[in-house]
Amino acid sequence: MPGLVSVKTPPGSARLQISVPEAQAQPQRSDPAAISKTPSPLAKKPPSPSASRSRPSPNRFKSKSPQPESPNPILADASLDNPDLGPFLLKLARDTIASGEGPNKALDYAVRAAKSFERCAVDSEPSLDLVMSLHVLAAIYCSLGRFEEAVPVLDRAIRVPEVGRGADHALAAFSGHMQLGDTYSMLGQVDRSIECYEEGLKIQIEALGDTDPRVGETCRYLAEAHVQAMQFERAEELCKKTLEIHRAHSEPASLEEAADRRLMALICEAKGDYEAALEHLVLASMAMIANGQENEVAAIDVSIGNIYMSLCRFDEAVFSYQKALTVLKSSRGDNHPSVASIFVRLADLYHKTGKVRESKSYCENALRIYVKPVPGTTAEEISGGLTEISAIYESMDEPEEALKLLQKAMCLLEDKPGQQSTIAGIEARMGVMYCMLGRYEEARSSFGSAIAKLRASGEKKSPFFGVVLNQMGLACVQLFKIDEAGELFEEARRILEQECGPCHQDTLGVYSNLAATYDAMGRVEDAIEILEYVLKLREEKLGIANPDFEDEKRRLSELLKEAGRKRDKKAKSLENLIDPNSKKTTKKEGTRRWASLGFRL
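None of the values given here were measured: they were computed from a predicted structure. (Residues numbered from 1 in each chain as written. Predicted model: local features only at pLDDT ≥ 70, side-chain atom pairs only at ≥ 80, totals over all residues. Heavy atoms only, no water.)

## Things to note about the environment of Gly466
Then, in step 1: Checked against the element boundaries, Gly466 lands in helix 19 (residues 463–478).
Then, in step 2: In sequence terms Gly466 and Leu488 are 22 residues apart; their C-alpha atoms lie 8.9 Å from each other.
Then, in step 3: With residues near it in sequence (within four places) discarded, Gly466 still touches Ala492, Ile495 and Leu496. (Helix = DSSP H or I, 4+ residues; strand = E, 2+ residues; numbered from the N terminus. Contact = heavy atoms within 4.5 Å.)

## With respect to unusual backbone geometry
Then, in step 1: The backbone of Met230 shows a phi angle near 65°, a positive value even though the residue is not glycine.
Then, in step 2: Relative to the assigned elements, Met230 resides in the loop between helix 7 (213–228) and helix 8 (232–249).
Then, in step 3: Taking the relative accessible area as the measure of exposure, Met230 reaches 17% and is therefore buried.
Then, in step 4: The phi torsion at Ala253 lies on the positive side, around 60°, for a residue other than glycine. (Buried < 20%, exposed > 50% of the residue type's maximum accessible area, 1.4 Å probe, protein only.)

## Side note on the side chain of Asp301
Then, in step 1: Here Asp301 shows up in helix 11 (residues 294–310).
Then, in step 2: If sequence neighbours within four positions are ignored, Asp301 has contacts with Ser320, Lys323 and Ala324.

## Here's the deal with the confidence of the model for the protein
Then, in step 1: Of the residues in the protein, 78% reach a pLDDT of 70 or more, and the chain-wide mean stands at 80.
Then, in step 2: The low-confidence segment residues 1–76 (pLDDT under 50) makes 224 contacts with residues lying over four places distant or belonging to another chain.
Then, in step 3: Below pLDDT 50 for its whole length, residues 565–601 participates in 85 contacts with residues either more than four positions away or in separate chains. (pLDDT = per-residue confidence, 0-100.)

## Brief notes about the environment of Leu349
Then, in step 1: Tracing the backbone through its elements, the reader meets Leu349 in helix 13 (residues 337–352).
Then, in step 2: Put simply, Leu349 and Asn306 are 43 residues apart on the chain and 9.3 Å apart in space, counted from C-alpha to C-alpha.
Then, in step 3: Apart from the residues within four sequence positions on either side, Leu349 is in contact with Met309, Phe314, Ala317, Val318 and Tyr321.

## Remarks on helix 16 (residues 399–413)
Then, in step 1: An ideal rise of 1.5 Å per residue puts 21 Å on 15 residues; helix 16 measures up with 21 Å between its terminal C-alpha atoms.
Then, in step 2: Where helix 16 is concerned, the buried positions are Pro399, Ala402, Leu403, Leu405, Leu406, Ala409, Met410 and Leu413. Viewed end-on, helix 16 has its buried residues packed into an arc of 165°, placing them on one side of the element.
Then, in step 3: Against the buried residues of helix 16 lie helix 14 (356–371), helix 15 (379–395) and helix 17 (420–436). (Expected span 1.5 Å × (residues − 1). Arc of directions from axis to C-beta.)

What follows is the structure, encoded as structure tokens:
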């Protein structure tokens, strides 16, 4: 999934990273939570700012072009049958990486080490040495950005251990599933990534029990993945379990519990439960104050300000933002991206309260920081900030400026692995801007590219995907591609009915658009059936006070009159084809609607 980013791991806890084991080491890990996790591709912007935990960079071992090596008799294939060669080659691979000679040479050593372990394995006896070498080989592939080649290596690695043989085998299988999940994450295949994490958690619980602190770390890890995929119910379930485990094994008001509460607040905010989110954030802030974590307290103050703004408690929101701003300017400098992010939030707040001049001033201050970022600022931070500022310009009815910022944001991420879902979200937002500017062909192309990326990343069943399908359908209507629009609306209806329910506002909008499209295609009876269903929903469950009710009732009355005579085959005018509610969504309500689905603009 957007992105949503995870809450920062407590400073005192173990960091998750891919490490190359010593040749003499056993594959059992002292901490099964210490498994690699690469950044999630659903870098959808969350409702609250929160720093992501440290994760390995795919360019960690980037080096110059490898120089041709002279033949080495040690690496001759015939010698791979020597049982002492595998550990020696694995050590060479590790030493090569540590010396900075480059991953290509290390890759050759790791490939031959895996072959040696495989040849020397006892028949019908699973070799944990082979598993360890395959994990190292996959890590090197990932460091080279060759994630597709790492997948079959890890698939093989997780099939070697036999969980029933004891803790060593169970933890080797756990490690393999987590590393495979990380690799799928970098490929943008979110569903497969989460499946691997879930399987790894099951194996870890079987080996360690469901109250072990390391299980708590994995539950939290998996909860973050579900948040980024916008699967909040499962994320909440896992986060609650993590809190229970940490409360049982940690001191009161520990850093671990504080981090868990920040993640829980993020989940509650995404679900619209702002009071519960505020409660978790206050408790997290108290814990951070007790542990002397001044910068983390400031980050929580920003999150508290977001909650106050959602509750329309604007004075309290300004106080929280200004409090955080003072701390971050003092500790990180005036040009740090965290300072820019607060400027963006203040700009959004002042725009919502009608203070346009102040809002533009804060936008310009943030842009000055993003244009000349301080060393260490990531492309993802800048891209996210530009996307947020573009939403403010859009709400100011300046779509051209918003479009320019979105194009810059997308360019920053184009060569970054694991960012397909984020790029898709930006492209979808660009499609909306193109529609506002009347550039419907470009809008259709942008929506189409976003849809293709979302399908590839496994998000083809998410509510956000349904909304993008609906928007592309509207662009097709404007281009008189009625048949294509009908197919898009039908797919959007299936997804939104399943994910949001028939009474959700986005689902109702698709119903209305689909009815208008059926009418234009001459399928009057189908259009009548949909409108009758929508009116019944409004009368029985939603009430008839909504202004859309009268409009839909009028449209149905017109269709019923037409059904009694021969259908006029001429195309309907665009004003009749496009649902008035959808036009509002495109221009004025778009920001609110998209934000309700986790796409923060």
